[in-house]
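The primary structure of each chain is shown beneath.
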Amino acid sequence: MKGLFIICGLGIFAMLAEIFKGFGLKKILQPVVLLGIVVAFVLNILTEWNNPMSISYFNNMIVFDNFALAFSGVILATAFFWFVFANDYFENSSDVTDHFALVLFALVGALMLTAYKNMTTLFLGIEIMSIPLYVLAASRKNDVKSNEAGFKYLILGSFATGFLLFGIALVYGATGSFDIMVIRAKISAAQGGLPLFFHAGVIMMLVAMCFKVAAAPFHFWTPDVYQGSPTVITAFMSTIVKTAAFTAFIRLFLVGFGGISEKWEMVMAAIIALSLVIANVTAVSQGSVKRMLAYSSISHAAFMLMGVLAVQPGMSIPGILYYTLAYSVGSITAFSVLYNVSKDSGEGFEGFNGLGKRNPVMAFCMAVAMLSLAGIPVTAGFFAKYFIFATIMATSFKWLLVLAVLTSAIGVYYYFKVIIAMYFKPADKTEKVPVEMQVMLIMIITTLLTIAIGVVPGYVIDMLGNSH
Amino acid sequence: MRGILLQSAIISTPIEWYIMLSAVLFTIGACGVMVKRNAIIIFACVELMLNAVNLLLVAFSSYHSDASAQVFVFFIMAVAAAEVAVGLAILSMIYRNLKSIDINVLSKLKH
């Protein structure tokens, strides 16, 4: 909770920095935000980790238990890396402070989503996270593509919110409460005697959440929005927003509706199968790396959904935690390389030609990120997939496992297209792609992290061992 | 006297009718979002969807004699207002760049 307050305060500070321009607050904005995120991270762990007292706020609407703190940790760590590599984008834009404030408030929404225990805070968290992102997606005012991305995101986002709210209303009608734990108790007490509209509500909430995490067939906005938005914002959407949305998903479906999993698991299995096939097959034919990463994020969403589908909190939650960490760290590396390369030579695959000779270190970081996203051993991505597969093995959905392995094989092809371009294709230019020192440092740190958590995966998995 | 009559009429109406009414309103809104080409009408349809939810929540609130759903309605109203504010800002930006609010002009991103 203290972390949440600090991030809120930073957002307000960013807005004040615009008003008090004369005091030079704009210059120190980025260091202050980075420091604030570190303080939030440390305070969260020091004061609330494993602390049975004072974890519940506002009549149980927000509960910072270990589950919430672990996922907030992933989000805050990703946000730290993100703020370092996105600094360049902020410096070049005319309204730095607005962008900082919007991103920080989106972060507040993301942290709320990790800790909600009530459907009111679920709804508010999703909206606090989404509304700044609509603005950020459209933040290149004179670029029609950016406008289009923001508009599509807004329309489809509020459409999905409508479904979420209708679902919430129906669930409330059947159970008489917005509290996740009360709903859980009502479900187990009713023994299947709940009215039909309750199940309709659960399915509507499932559809809305699939919109938010971008799973097929509700993924249509993803490639367009990811491509049209500024690259740094795309990186934010595909890492932090996805992690937060999945945390919300787990809380809702594993904890809240876990008791009636037989009603929604077939729908979810169909969504996962569709996402795996559509995302991986479509990604192959993309000419732009950014669009390819958008489709890859859809297939990663399908993998994380498999963890939810298993409905075994003891295995699913650590598995998904590890997956979000591996995926976020890998994506941050990939997007920061892509951002720097695209400034120099565009977003297509040909922009990466000969990068292995031009910038050997950056090419190595990108290669490790691609290997991790493809799930090749020793990188974190391999164990992430492995834990999810182990979870789904214990259920009756083994056919999904076969499908997942087959489509991952297709995935290897398009991730390797980048690696082949970097190392085996001749470069059009010979001079280095210019990269700032601190961004280079972040790339190296995230790459090392990808390898490190791939070598000692047990550390992350056991972290949550005693929390439920 | 009229007030009491009205109140008893509201309470004696079965809850299923409210569910039906808001489901119909919600469906009209959802169909409008998918079919209409004018961006302003699309926003209006999203609002219709949200108001269908508000109606349903208020009906359930009186059915359960529980005020929390009415508080939820206030949250929905506030958030819907924020969303429309952002939406209209983006829309005016699009109009400035493209001189149109027909969503068919928005096809610059390749499929």
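These numbers were taken from a predicted model, which means no experiment stands behind them. (Residues numbered from 1 in each chain as written. Chains lettered and ligands numbered in written order. Predicted model: local features only at pLDDT ≥ 70, side-chain atom pairs only at ≥ 80, totals over all residues. Heavy atoms only, no water.)

### Observations regarding the overall build of chain B
Within chain B, the regular secondary structure consists of four helices and zero strands. Reading chain B from its N terminus to its C terminus gives the helix and strand order α-α-α-α. Its C-alpha atoms give chain B principal-axis dimensions of roughly 55 × 30 × 25 Å. By the burial criterion, 37% of the 111 residues in chain B qualify as buried. Pairs at least 24 residues apart make up 52% of the contacts formed inside chain B by residues separated by at least 6 positions. For chain B, the accessible area works out to roughly 6400 Å², and carbon and sulfur atoms hold 71% of it. For chain B, the distance from the average site of its 7 positive side-chain charges to the average site of its 5 negative ones is 19 Å. (Helix = DSSP H or I, 4+ residues; strand = E, 2+ residues; numbered from the N terminus. Buried < 20%, exposed > 50% of the residue type's maximum accessible area, 1.4 Å probe, protein only. Contact = heavy atoms within 4.5 Å. Areas by Shrake-Rupley, 256 points an atom, 1.4 Å probe, with all protein chains shown as cover. Lys, Arg positive; Asp, Glu negative; His and termini not counted. Charge placed at Lys NZ, Arg CZ, Asp CG, Glu CD.)

### Re helix α3 (residues 39-64) of chain B
All names here are of chain B. For α3, spanning 26 residues, the distance from its first C-alpha to its last is 38 Å, which sits close to the expected 38 Å at 1.5 Å a residue. At the N-terminal end of α3, a side-chain oxygen is found 2.8 Å from the backbone nitrogen of Ile40, two or three residues along, and the residue is Asn38. Residue Ser65 follows α3 closely and has a positive phi angle near 50 degrees. (Expected span 1.5 Å × (residues − 1). Polar contact = N/O pair within 3.5 Å; in protein donor to acceptor, adjacent residues only side chain to side chain.)

### Structural notes on unusual backbone geometry
Here Ala216(A) and Pro217(A) are connected by a cis peptide whose omega angle stands at 0 degrees. By the element assignment, Pro217(A) lies in the loop between α8 (196-213) and α9 (221-228). You will see that Ala214(A), though not glycine, has its phi angle at about 65 degrees, which is positive. On the secondary structure map, Ala214(A) appears in the loop between α8 and α9. Positive phi values are uncommon outside glycine, yet Lys99(B) reaches one of about 55 degrees. Positionally, Lys99(B) belongs in the segment after α4 (68-98). Judged by relative accessible area, which is 56%, Lys99(B) ranks as exposed.

### Describing the interface of chain A and chain B
Listed by partner, the interface residues are 41 residues for chain A and 43 residues for chain B. Buried surface at the junction of chain A and chain B, summed over both partners, amounts to about 3800 Å²; 80% is from carbon and sulfur atoms. It is Phe151(A), Phe166(A) and Tyr172(A) in chain A that bury the most area against chain B; as a group they hold 17% of the surface buried on that side. Here chain A is connected to chain B by zero salt bridges. In this structure, the connection of chain A to chain B is made through four residue pairs in polar contact (both at pLDDT 80 or more). For the side of chain A that touches chain B, the leading source of residues is helix α6 (residues 144-175) of chain A, giving 22 residues. Among the residues forming the side of chain A that touches chain B, the class breakdown is 23 nonpolar, eleven polar and seven charged. (Buried area = accessible area lost by both parts, 1.4 Å probe. Salt bridge = Lys/Arg side-chain N within 4 Å of Asp/Glu carboxyl O. Nonpolar A, V, L, I, M, F, W, Y, C, P; charged D, E, K, R; others polar.)

### A word on the nonpolar core
Residue and element names in this part refer to chain A. Ranked by size, the top nonpolar core spans 221 residues in total, and within it Trp82, Phe249, Phe257 and Phe352 carry the most contacts. With 17 residues, the top contributor of residues to this core is helix α3 (residues 66-92). Every residue in contact with Phe257, bar those within four places of it in the chain, is listed here: Val171, Ile183, Ile187, Phe198, Val202, Met205, Leu252 and Trp264. (Core = buried A, V, L, I, M, F, W, Y, C linked by side-chain atoms within 4.5 Å.)

### Focus on the packing of aromatic side chains
Residues and elements named next belong to chain A. Counted under the stated rule, the structure contains 33 aromatic pairs over all chains. Measuring from ring centre to ring centre gives 5.4 Å for Phe211 and Phe218, while their planes differ by 35 degrees; the resulting arrangement is tilted. No difference in accessibility class separates Phe211 from Phe218, as the two residues are buried. Measuring from ring centre to ring centre gives 5.6 Å for Tyr386 and Phe387, while their planes differ by 65 degrees; the resulting arrangement is edge-to-face. Take Phe387: its relative accessible area is 18%, and that puts it in the buried class. (Phe/Tyr/Trp six-rings, centres within 6.5 Å; stacked < 30°, edge-to-face > 60°.)

### Brief notes about the environment of Trp49(A)
All names here are of chain A. In this fold, Trp49 is placed in the loop between α2 (29-48) and β1 (56-57). Along the backbone, Trp49 and Ala68 are 19 residues apart, and their C-alpha atoms lie at a distance of 9.7 Å. If sequence neighbours within four positions are ignored, Trp49 has contacts with Asn44, Asn66, Leu69, Ala70 and Met463.

### A word on the packing of helix α1 (residues 2-19) of chain A against α2(A)
Residues and elements named next belong to chain A. Between α1 and α2, the least distance of the axes is 8 Å, while the angle of their chain directions is 165 degrees. Judged by the angle between their axes, α1 and α2 are roughly antiparallel. In the packing of α1 onto α2, the handedness of the crossing is right-handed. Residues Lys2, Gly3, Ile6, Ile7, Leu10, Phe13, Ala14 and Ala17 of α1 pack against Leu29, Val32, Val33, Gly36, Ile37, Val39, Ala40, Leu43, Asn44, Thr47 and Glu48 of α2. When the residues that make up the contact of α1 with α2 are grouped by side-chain class, the tally is 13 nonpolar, four polar and two charged. (Axes fitted to C-alpha atoms, helices over the stretch in contact; angles between N-to-C directions. Parallel < 35°, antiparallel > 145°, perpendicular 65-115°, else oblique. Left-handed = near helix turned anticlockwise from the far one by under 90°.)

### Thoughts on the side chain of Thr161(A)
Along the chain, the position of Thr161(A) falls in helix α6. Taking the relative accessible area as the measure of exposure, Thr161(A) reaches 2% and is therefore buried.

### Looking at the environment of Leu252(A)
Residue and element names in this part refer to chain A. Mapped onto the fold, Leu252 is located in helix α10 (residues 231-256). The spacing of Leu252 and Tyr116 is 136 residues in sequence and 9.4 Å in space, taken between C-alpha atoms. In this structure Leu252 touches Tyr116, Leu122, Ile180, Met205, Met209 and Phe257, once residues within four positions along its chain are discounted.

### Structural notes on the side chain of Asn280(A)
Residues and elements named next belong to chain A. Looking at where Asn280 falls in the secondary structure, it is placed in helix α11 (residues 261-284). Given a relative accessible area of 2%, Asn280 falls into the buried group. With residues near it in sequence (within four places) discarded, Asn280 still touches Ser275, Ser299, Thr407, Ile410, Gly411 and Tyr414.

### Some details on the pattern of salt bridges
Residue and element names in this part refer to chain A. Counted under the stated rule, the structure contains ten salt bridges over all chains. Measuring nitrogen to oxygen at the nearest pair gives 2.8 Å for the salt bridge that ties Lys152 to Asp224. Taken together, the positions of Lys152 in helix α6 and Asp224 in helix α9 put the pair 72 residues apart, joining distant regions of the chain. Given the relative accessible area of 4%, Asp224 is considered buried. Here Asp344 ties to Arg358 by a salt bridge, and the two come within 2.8 Å at their closest N and O atoms. In this pair, Asp344 sits in helix α13 (residues 313-345) while Arg358 sits in helix α14 (residues 355-358), placing the two residues 14 residues apart along the sequence. With relative accessibility at 23%, the residue Asp344 sits in the partly exposed group. Residues joined by salt bridges that share partners form a network here, namely Glu148, Lys152, Asp224 and Arg291.

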